[in-house]
Amino acid sequence: GKIMIFQEVPLNVVLTIYSEDIDEDYIYGKIVMRNEEEVFIAQINDKGENDGYLYLQWEGIYRIDYESSYEERIERLYQAKNQYHEELMFPKKEDTLLKNLLNWAFCEKKIVSIYFADSDMEVEGYLKNAQGSQIAQVGVYEAVFEAGNSFVDVTKAQYIHVDSKRARDAEIVLRYKENEQ
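What this report covers is the structure whose coordinates are included nearby. (Residues numbered from 1 in each chain as written. Predicted model: local features only at pLDDT ≥ 70, side-chain atom pairs only at ≥ 80, totals over all residues. Heavy atoms only, no water.)

**Thoughts on the pattern of salt bridges**
Inspection of every chain in the model, using the stated rule, returns 10 salt bridges. Between K30 and E75 there is a salt bridge; the shortest N-O distance is 3.4 Å. You can see K30 sitting in strand β2 (residues 27-34) and its partner E75 sitting in helix α2 (residues 69-80), a full 45 residues away along the chain. Residues R166 and E122 are paired through a salt bridge, measuring 3.4 Å at the closest nitrogen-oxygen approach. Remark: E122 occurs in strand β7 (residues 122-127) and R166 occurs in helix α4 (residues 165-180); sequence separation between them is 44 residues. (Salt bridge = Lys/Arg side-chain N within 4 Å of Asp/Glu carboxyl O. Helix = DSSP H or I, 4+ residues; strand = E, 2+ residues; numbered from the N terminus.)

**Here's the deal with the nonpolar core**
Inside soluble globular proteins, nonpolar side chains tend to come together where they are buried. Core analysis: the largest hydrophobic core is formed by 23 residues, its most contacted members being I114 and I160. Taken together, the elements giving at least two residues each to this core come down to β3 (38-44), β4 (50-57), α3 (97-107), β6 (111-116), β7 and β10 (157-162). Per element, the largest residue contribution to this core is six residues, and it comes from α3. Every residue in contact with I114, bar those within four places of it in the chain, is listed here: E122, V123, I135, V152, V154, A157, Y159 and I160. Membership of the second largest hydrophobic core comes to 16 residues, among which are I17, V39, I61 and Y115. (Core = buried A, V, L, I, M, F, W, Y, C linked by side-chain atoms within 4.5 Å. Buried < 20%, exposed > 50% of the residue type's maximum accessible area, 1.4 Å probe, protein only. Contact = heavy atoms within 4.5 Å.)

**Notes on α2**
Here α2 contains 12 residues, and its C-alpha end-to-end distance of 16 Å stays within 8% of the 16 Å for a straight helix at 1.5 Å per residue. Looking at α2, one finds that the buried residues are E71, I74, E75 and Y78. Taken end-on, α2 shows its buried residues confined to a sector of 100°, consistent with a single buried face. Across α2 from its buried face, at more than 90 degrees, point the exposed residues S69, R76 and A80. Those residues of α2 that are buried lie in contact with β1 (15-19), β2, β3, β4 and β5 (61-66). In this structure S68 caps α2, since a side-chain oxygen of it lies 3.1 Å from the backbone nitrogen of Y70. Backbone geometry just after α2 places N82 at a positive phi near 50°. (Expected span 1.5 Å × (residues − 1). Arc of directions from axis to C-beta. Polar contact = N/O pair within 3.5 Å; in protein donor to acceptor, adjacent residues only side chain to side chain.)

**Points about the pairing of β4**
Counting buried positions along β4 yields seven of eight residues, so the element is predominantly enclosed. Relative to β4, β3 runs antiparallel, the two sharing six bridges. Across the sheet, residue A42 finds its bridge partner in β4, namely Y53. Two strands pair when backbone bridges link them, and β4 and β10 are joined in this way by three bridges, in the antiparallel orientation. Its bridge partner lying in β10, L54 is registered against H161. (Pairing = 2+ DSSP bridges.)

If you want it as structure tokens, here you go:
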């Protein structure tokens, strides 16, 4: 499969990753874990800031750039701004990367954005169980607790973004609102 093409791609260095499964033309990040089908990327935005973790399937990835001035710039900004990604602690190594990520996001109470191919809306919020099949919705753009809930089939997700910069910013606003009351 695809992993054969990309198995030489170095881990833990800044890459530019192109995938059919994401809205953007490309994203920056470091591959932190991978297996035959799946890949986890410690995503970094174009300002060199921690943009959470992105879960993708190799299937959609068609190009990966590295060691250009773009990646070097992102790496420098990331370091200069003292950015870091929380370490992913996965107790069950035998599980799929997806199961491990969802379990981590649930235990650490991270906002998760799940994107499905035929929908132009992400489902965003806190996981209500470690399997990721239920979500308590959060309006990340408006920084409001939607109070709605969703059942989702995460196996059909095109991508999953955990603890994005936008989500963390929303949490700051939500906490601020809570303290005002």
